[in-house]
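The residues making up each chain are set out below.
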Amino acid sequence: MHIDKRLIKYIKNLKVSLFLTLVFSLLTAFTIIANAHLLSDVIDKVFLKNYKLENVNELLIILILLSVGRALFNWSEQNFANKIASQIKDILRNKITSHLFKLGPIQLKAEKTGEISNTLLEGLEKIDIYFSRFIPQLLLSALIPIMILIFIFPIDALSGTIFLVTAPLIPLFMILIGSEAEKLNRKQWKILNIMSSYFFDVIQNLRTIKIFGRTSDIIDKIKIVSSSFRKSSMKVLRIAFLSALILELLSTISIAIISVEIGIRLMKGLIDFKDALFILILAPEFYNPIRQLGARYHAGMEGIAASEKIFALLESKPQIIVKDTEIYQLDKKFNKIIFSNVSFSYDNSANVLDNVTFTLKENTHTALVGTSGSGKSTILNLLLTHIYPSKGEIYYDDKNLSQINKKEWLKKISWIPQKPYLFNTSIKENLLLAKPKATEHELNSALQNANISKFVNSLANGIESVVGENAMKISGGEAQRIAIARAFLKDTSILLLDEPTSNLDPETEIDLIKSLTGLIKNKTVLTIAHRLSTIINADNIIVIDKGKILAQGLHEELLVKCNDYKKLVDKYKGAA
């Protein structure tokens, strides 16, 4: 039977709901047996012993109450099962979300967003069905037949033996058929993940597809992927329908065998009518939960297939261990940030940074320059604690960065990337990400400092205007300014700028530099720059190539002593 121990361990933490589910399952089984006993007793008395209806009124009332009780107990059992499913789904969703944060943005680049999204949404719904339908039915399939056998064997050992022999045939065939269905279900889930990932990529890149005129090719590929999923689903459904047919056939034949042997013995006077009727009423009830388990076996396999992807994600180990234990308290003021012989490599490959040493002094502007792939972004990722040095140390004054609480450290940093991400919500909500309790005055002040208040006020809904997915409703320059306003609002002592003007036209670049000039005042700034305009006035320029620092100093100094820097400057001038 498909029981995943990794899933079941979550039930153990919900002992009250599990206990009540078991209690109501037992009560349901008891009312089924009591109902059959009373019904056989009433029919025996009225039709064979010539009792008048008024003589069995009390029994009829009890019979009605038992029927109502059965429905109520069954509803309660399902209700608590749904509660267990909902709680486990929430626990898993929170664990997955928390684990994704632990994996971090660097490691998640290797994962397919569509697959993760499908796991969080569709996968958890399958887990919900697994716990709300399959597991409760598994309990009923175990409890009801056992309780019926306990009552039948003392009355009629032959019927009890037939029940005992025929009952295992249903789960046996269910498992035999299910083993093939399980393979198909895993394949179906794999194809669904591929399809979800592909659809997500297509939606995210519609503009690129249109520009290159590849719409027809993409539609054809979607048809192929969709057709593959349809064929996979049909194979699973064929197996499910076949198993349902076989299970129905087996249970019907088993009930027929019981009916025939009871009927023959009843005609020969070998069994009492009341007992015979009691057994005949219980026969369908005996096989029904096992038959229903077969019908829900498909849901169980879907849950198992989904859980494999969920646990594969949860069991993936972060390449970088996030240190949440605070050893050092951070002072509001500091003198310097020191990179001391820092080296770093991804996946134990060649060093991206090799023995890098430099200092970021308080309230100074440092620029990192170098060709693409030289290690500039890795230095930023180290300061953002997305990664930690493979060798060497980073110090905040005399405090080792690896021993500083990550949340506290990130409170001191503002980061403006090359392409800032704005959520598909209002400008106000995007700003409040930096300071959730900011006042209206603080928000307006941040917009003014970023030179975007005029634009925001010109919008129909002002600061409440929605920027759209990937900020599609505003320009790249406007998105950058909102990011700058967010940095003004956060107002940290350390500012990291990752080529903030590299994709902008010269006019917009000039406006943004004016905004940045106000932002970097009295802050410790590290800028990755591809344009001369953002580095020429820096207090220190670090030239890096292939993970090694070639030289550092002022602009005029480097023009004289560093030929690589001079080439980069000439290249920037040519690009300008």
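What you see as residue numbers is a count from 1 along each chain, following the sequence as written. Predicted model: local features are reported for residues with pLDDT of at least 70 only, side-chain atom pairs are reported and counted for 80 or more only, and whole-chain, interface and lining totals are derived from all residues. Values reported for side chains reflect all heavy atoms of the structure, with hydrogen atoms and water molecules removed beforehand.

Engineer: Honestly, the environment of Thr 357 in this entry has me stumped. Any pointers?
Structural biologist: Helix and strand definitions follow DSSP, with helices as H or I runs of at least four residues and strands as E runs of at least two, each counted in order from the N terminus. Tracing the backbone shows Thr 357 in strand 2 (residues 353–361). Separated by 36 residues in sequence, Thr 357 and Glu 393 place their C-alpha atoms 9.5 Å apart. Among residues more than four places away in sequence, those in contact with Thr 357 are Phe 339, Ser 340, Asn 341, Ile 549 and Gln 552. There is a polar contact of 2.9 Å between the side chain of Thr 357 and the backbone nitrogen of Asn 341. Here a residue-residue contact requires only that any non-hydrogen atoms of the pair lie within 4.5 Å. What qualifies as a polar contact is a pair of N or O atoms within 3.5 Å, subject to a donor-acceptor requirement within protein and to the restriction that residues adjacent in sequence count only when both atoms come from side chains.

Engineer: Even after reading the chapter, I still don't get a nonpolar patch on the surface, so can you show me in this structure?
Structural biologist: Where nonpolar side chains cluster on the molecular surface, the patch consists of Leu 169, Leu 172, Phe 173 and Leu 176 and spans about 340 Å² of accessible area. Its location among the elements puts Leu 176 in helix 6 (residues 169–204). Only residues whose relative accessible area exceeds 30% and that take part in no salt bridge are eligible for patches, with like-charged residues grouped when within 9 Å of each other and nonpolar side chains (Val, Leu, Ile, Met, Phe, Trp, Tyr) grouped when within 5 Å. Each accessible area value is a Shrake-Rupley result obtained with a 1.4 Å probe; residue values ignore everything except the protein chains displayed when judging cover. Salt bridges are identified by distance alone: a Lys or Arg side-chain nitrogen within 4 Å of an Asp or Glu carboxyl oxygen.

Engineer: Can you help me understand the domain arrangement of the chain in this one?
Structural biologist: Interfaces are frequently sized by the accessible area removed from exposure as the parts join. How far each domain reaches was decided by an automatic or database domain assignment. Per the domain assignment, the segments making up the chain are domain 1 (1–154 + 301–319), domain 2 (157–270) and domain 3 (336–574). Once you take the C-alpha centre of each, domain 1 and domain 3 turn out to be 53 Å apart.

Engineer: Explanation requested: the packing of helix 13 (residues 440–449) against helix 15 (residues 476–490) in the structure shown.
Structural biologist: Packed helices, taken two at a time, are described by the angle their axes make and the gap between the axes. The interhelical angle for the contact between helix 13 and helix 15, taken along N-to-C directions, is 130°, at an axis separation of 8 Å. The orientation of helix 13 with respect to helix 15, classified from their angle, is oblique. As for the relative orientation of helix 13 and helix 15, their crossing is right-handed in sense. Touching Glu 442, Leu 443, Ala 446, Leu 447 and Asn 449 of helix 13 are Ala 485, Phe 488 and Leu 489, all from helix 15. Basically, the charged four are Asp, Glu, Lys and Arg, the nonpolar ten are Ala, Val, Leu, Ile, Met, Phe, Trp, Tyr, Cys and Pro, and anything else, Gly included, counts as polar. Partitioning the contact of helix 13 with helix 15 into residue classes produces six nonpolar, one polar and one charged. Angles here are taken between N-to-C directions and fall from 0 to 180 degrees, while the axes themselves are lines fitted to C-alpha atoms, restricted in helices to the stretch in contact. For this classification, under 35 degrees means roughly parallel, over 145 means roughly antiparallel, 65 to 115 means roughly perpendicular, and everything else is oblique. In this scheme the crossing of two helices becomes right-handed for a clockwise turn of the near helix relative to the far one and left-handed for an anticlockwise turn of less than a right angle.

Engineer: Is there a simple way to explain the pattern of salt bridges in this structure?
Structural biologist: Side chains that differ in sign of charge can pair as their charged atoms come close. Taken as a whole, this structure holds 17 salt bridges when the rule is applied. Glu 440 is the partner of Lys 428 in a salt bridge, and the nearest nitrogen-oxygen pair spans 3.0 Å. Of this pair, Lys 428 sits in helix 12 (residues 427–432) while Glu 440 sits in helix 13; the two residues are 12 residues apart in sequence, bridging distant segments of the chain. For every residue, the accessible area (1.4 Å probe, protein chains only) is compared with the maximum for its type, and the residue is labelled buried under 20%, exposed over 50%, or partly exposed between those bounds. Given the relative accessible area of 19%, Lys 428 is considered buried. Salt bridges sharing partners connect three or more residues here, namely Asp 41, Lys 45 and Lys 274.

Engineer: Would you explain the pairing of strand 4 (residues 391–396) in this entry?
Structural biologist: Working note: regular strand, side chains alternate between the two faces of the sheet. Sheet topology places strand 1 (residues 336–344) next to strand 4; five bridges connect them, and they run antiparallel. Opposite Ser 343, over in strand 4, you have Lys 391 as the bridge partner. Pairs of strands are assigned from DSSP output, requiring at least two bridges between the strands. Pairing geometry for strand 4 and strand 5 (residues 399–400), over two bridges, is antiparallel. Bridged to Tyr 395 within strand 5 is Asn 400.

Engineer: I keep staring at the environment of Gly 123 and nothing clicks. Help me out?
Structural biologist: Along the chain, Gly 123 turns up in helix 4 (residues 113–155). A relative accessible area of 0% places Gly 123 in the buried class. Sequence separation between Gly 123 and Ser 141 is 18 residues, and the spatial gap between their C-alpha atoms is 26 Å. Leave out the neighbours within four places in its chain, and Gly 123 touches Asn 118, Trp 189, Ala 306 and Ile 310.

Engineer: Before we go on, may I ask you to explain helix 15 in this structure?
Structural biologist: In an α-helix, one full turn covers 3.6 residues, which means residues spaced three or four apart are oriented alike. By this rule the span expected of a helix is its residue count minus one, scaled by 1.5 Å. Taking 1.5 Å per residue as the helical rise, helix 15 with its 15 residues ought to reach 21 Å, and the 21 Å between its terminal C-alpha atoms agrees with that figure. Here helix 15 lies mainly inside the structure; 13 of its 15 residues are buried. Two residues or fewer after helix 15 comes Asp 491, characterised by a positive phi angle close to 50°.

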